[in-house]
Amino acid sequence: MKSIILSILILFSITNGSNAAQSEDFHDHVISENGLNKAATQSALHSYDLINKNWAYAIQPADFTAGVDCWRTDVIPTPQHGNVPVIVWDQAKEPQMGVALDCLLGSKTRAECLNALKIVKVRIIASLLGKESFNDLITTLLKRNDAPHIFFHKLAWSFQTLCTSDFKGFCVMSFVNIPEYVAFKPKGDARNHNVIRLCDGNFIGFDPMFFQEARTYDDLEKYMYDLFVSERFVEPGLIAEHKAFCDDLTFEKFQVLRREYQSKQATYAFDLQKIADFVEKGKI
């Protein structure tokens, strides 16, 4: 089976060479976990570079805008999080998802890190599959007739699997602040960062002021600490309580609290076998 997987993925890398004109070009064939990690890392770095240069960070749903007409923002009511803004593809305006993704990445969009991560993951999937297989995936999912935001959510989660705690490769995760962040800053934007851990162990995400380049674990953890102890977003009636809490909160204490909370969060990686199963059998 392994040799079949490798042969298929090599074949698709060759037959879809025309896809190399889109955004980033991959010179490594995706024929192993190492190749997948490298290809996904290159795609993520390219996409986040465009996002951090072109997009602006939005917090309130009313501030969200798609910077190109083949995408739009919908506000979806949810029981847990209230009204949640999502960016969705307008297929009537641009029928090719790959083209639409490239347009969005270079546009003056306003969104937050979760929507940015979804876009980046779909761009990674497009790059890993190649043009023909990616279009097959789009067709397969569209046949389910889901609402546009459900379709895009399923697309962004294609071929991913839950990681074990000792997994060291490329993965997607929510890098959390400490639980007390929400208590003091219920309207704040740093309760977590939706990020990607690259194959070298560094992190990348959407934050134009912080992610001008990939950052280390220590960089990101210190940044989350600084965002917590800042008075920005603290509820007016909790300023004194927040100050007292922070006076006793050394960075070392913050690390213990944050890492304990982080251990309860799920981490996901792209699964080479799932990709091969789709390419070979159309299984998703």
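Now for a description of the structure that goes with this document. The structure presented is a predicted model; accordingly, all values stated were derived computationally and were not measured. (Residues numbered from 1 in each chain as written. Predicted model: local features only at pLDDT ≥ 70, side-chain atom pairs only at ≥ 80, totals over all residues. Heavy atoms only, no water.)

1. As for the packing of helix H8 (residues 217–229) against helix H10 (residues 251–262)
The contact between H8 and H10 brings their axes to 10 Å, and the two run at 105°. Classed by the angle they form, the pair H8 and H10 counts as roughly perpendicular. On the side of H8, the interface is formed by Tyr 217, Asp 218, Glu 221, Lys 222, Met 224, Tyr 225 and Phe 228, while H10 contributes Phe 251, Phe 254, Gln 255, Arg 258 and Arg 259. Across the contact of H8 with H10, the residue classes break down as 6 nonpolar, 1 polar and 5 charged. (Axes fitted to C-alpha atoms, helices over the stretch in contact; angles between N-to-C directions. Helix = DSSP H or I, 4+ residues; strand = E, 2+ residues; numbered from the N terminus. Parallel < 35°, antiparallel > 145°, perpendicular 65-115°, else oblique. Contact = heavy atoms within 4.5 Å. Nonpolar A, V, L, I, M, F, W, Y, C, P; charged D, E, K, R; others polar.)

2. Some thoughts on the nonpolar core
Judged by nonpolar contacts, the single largest core of 70 residues is most densely connected at Trp 71, Met 97, Phe 134, Leu 155 and Ile 196. When residues of this core are assigned to their parent elements, the largest contribution, 11 residues, is made by helix H4 (residues 113–129). Residues contacting Trp 71, with those up to four places away along its chain left out, are Ala 66, Ile 87, Val 88, Trp 89, Asp 90, Met 97, Ala 100, Leu 101, Leu 104, Ile 119 and Phe 152. (Core = buried A, V, L, I, M, F, W, Y, C linked by side-chain atoms within 4.5 Å. Buried < 20%, exposed > 50% of the residue type's maximum accessible area, 1.4 Å probe, protein only.)

3. Things to note about the environment of Leu 114
Mapped onto the fold, Leu 114 is located in helix H4. The sequence separation of Leu 114 and Val 195 amounts to 81 residues, and the corresponding C-alpha distance is 8.5 Å.

4. A closer look at the pattern of salt bridges
Applying the stated criterion across every chain, the model contains 11 salt bridges. The closest approach of N and O atoms between Lys 93 and Asp 90, which form a salt bridge, is 3.8 Å. Between Asp 146 and Lys 154 there is a salt bridge whose closest N-O contact spans 2.9 Å. Among the charged side chains, a network of salt bridges with common partners joins Glu 221, Arg 258 and Arg 259. (Salt bridge = Lys/Arg side-chain N within 4 Å of Asp/Glu carboxyl O.)

5. Focus: the pairing of strand S2 (residues 71–78)
Pairing of S2 with strand S3 (residues 82–89) involves 8 bridges; the strand directions are antiparallel. Bridging across to S3, Pro 77 finds its partner in Asn 83. Counting the residues in the hairpin turn of S2 and S3 gives 3 residues. (Pairing = 2+ DSSP bridges.)

6. Some words on the packing of aromatic side chains
Tallied over the entire structure, the rule returns 20 aromatic pairs. Relative to Phe 203, the ring of Phe 175 lies with its centre 5.7 Å away and its plane at 75°, an arrangement referred to as edge-to-face. On the criterion of sequence distance, the pair formed by Phe 175 in strand S6 (residues 171–176) and Phe 203 in strand S8 (residues 203–205) is long-range, its members being 28 residues apart. For the pair formed by Phe 175 and Phe 203, the shared burial category is buried. (Phe/Tyr/Trp six-rings, centres within 6.5 Å; stacked < 30°, edge-to-face > 60°.)

7. Quick word on helix H6 (residues 148–156)
Buried within H6 are the following residues: Phe 151, Phe 152, Leu 155 and Ala 156. Buried residues of H6 fall within an arc of 130° about the axis and therefore sit on the same side. If you follow the buried residues of H6, they end up packed against S2, S3, helix H3 (97–105), H4, helix H5 (131–142) and strand S5 (160–162). (Arc of directions from axis to C-beta.)

8. With respect to the sheet that holds S8
Ordered in space as S5-S9-S6-S7-S8, the 5 strands form an open sheet in which the pairing is antiparallel. Every other strand in the sheet has two partners, leaving S5 and S8 as the edge strands with one partner each. Neighbour to neighbour, the strand axes of the sheet diverge by 35° on average, direction disregarded. The pairing of S5 with strand S9 (residues 267–270) spans 3 bridges and is antiparallel. If you follow Leu 162 over to S9, its bridge partner there is Tyr 268. Those strands touched by H4 are S5, S6, strand S7 (192–197) and S9, and its axis lies near 15° from that of S7.

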